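Here's the letter readout for the chains.
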Amino acid sequence: IAGITQAPTSQILAAGRRMTLRCTQDMRHNAMYWYRQDLGLGLRLIHYSNTAGTTGKGEVPDGYSVSRANTDDFPLTLASAVPSQTSVYFCASSATSGYNEQFFGPGTRLTVL
Amino acid sequence: ELKVEQNPLFLSMQEGKNYTIYCNYSTTSDRLYWYRQDPGKSLESLFVLLSNGAVKQEGRLMASLDTKARLSTLHITAAVHDLSATYFCASGGTYKYIFGTGTRLKVLA
């Protein structure tokens, strides 16, 4: 693994179904993030984690949950998907010292019908 | 409400021309980040600006930060087609970053 990986690459999901988007990093970054990207709205922060065992809410957390059991993994769960959650989801990570620049995964394109 | 606003949102320019993208932010953070995104791809970090007056340059791109005006600029010199992409600025730190809506740059041959 090099950098950040996300799975799946894309997914079509029926409304009401549960879905977990996976994110794994190998850079030993303490902080991890989930964003959604929608046309005309840029990237909006859903949830973040500053270290294993702790999480926080971002700008648009409703309908999403996260966990951070270890440093490397930060899964995002949609408990009951709705069409408004159709988006491209990016996971990112950053060190918690120095520049704090974020490194992004390749993204997951999710369509909820 | 904390905001990061970019303008223009769309920029079409001829090769060889110069232009500037503006990023205004209302957050209290003095850290400003620029990212590039190619169509269908992820975001790539371009510049990290950490203090007032900071200037960073890479090739035909130069970014600057004025924390008193809460303004960052991304200047493009003698544009080439390979610079066509969407450029995002982001402000924040301590985990809560706010992104601008992006400037879609198209460089015409």
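Here, every reference points to the structure presented above.
Residues numbered from 1 in each chain as written. Chains lettered and ligands numbered in written order. Predicted model: local features only at pLDDT ≥ 70, side-chain atom pairs only at ≥ 80, totals over all residues. Heavy atoms only, no water.

(A) Just the environment of Y64 of chain A, in detail. Residue and element names in this part refer to chain A. Relative to the elements of secondary structure, Y64 occurs in strand β7 (residues 64-66). Exposure remark for Y64: the relative accessible area of 8% places this residue in the buried category. Measuring from C-alpha to C-alpha, the distance between Y64 and S10 comes to 18 Å, with 54 residues separating the pair along the chain. When sequence neighbours within four positions are dropped, the list of residues in contact with Y64 reads R36, I46, H47, L76, T77, L78, Q85 and Y89. Within polar-contact distance, the side chain of Y64 engages the side chain of R36 at 2.9 Å. (Helix = DSSP H or I, 4+ residues; strand = E, 2+ residues; numbered from the N terminus. Buried < 20%, exposed > 50% of the residue type's maximum accessible area, 1.4 Å probe, protein only. Contact = heavy atoms within 4.5 Å. Polar contact = N/O pair within 3.5 Å; in protein donor to acceptor, adjacent residues only side chain to side chain.)

(B) Geometry of the interface of chain B and chain A. Contact residues are listed per partner, giving 17 residues for chain B and 23 residues for chain A. Summed over both partners, the interface of chain B with chain A comes to about 1,800 Å²; 57% of that surface belongs to carbon and sulfur atoms. Of all residues in chain B, the largest losses of buried area upon contact with chain A belong to Y95, Y97 and F99 of chain B, amounting jointly to 36% of the total for that side. For the pair chain B and chain A, the interface holds zero salt bridges. Summed over the shared surface of chain B and chain A, the number is four residue pairs in polar contact (both at pLDDT 80 or more). Broken down by secondary-structure element, the contributors of at least two residues to the side of chain B that touches chain A are β4 (32-37), β5 (43-49) and β10 (96-99) of chain B. The residue makeup of the side of chain B that touches chain A, split by class, is nine nonpolar, five polar and three charged. (Buried area = accessible area lost by both parts, 1.4 Å probe. Salt bridge = Lys/Arg side-chain N within 4 Å of Asp/Glu carboxyl O. Nonpolar A, V, L, I, M, F, W, Y, C, P; charged D, E, K, R; others polar.)

(C) Layout of unusual backbone geometry. In the segment running from A7 of chain A into P8 of chain A, the intervening peptide bond is cis, with an omega of -5°. By the element assignment, P8 of chain A lies in the loop between β1 (4-7) and β2 (10-13). In this model, A78 of chain B sits at a positive phi of 50°, which is unusual for a non-glycine residue. For A78 of chain B, the location among the structural elements is in the loop between β8 (71-76) and β9 (85-93). Relative accessible area serves as the criterion here: at 23%, A78 of chain B is assigned to the partly exposed category.

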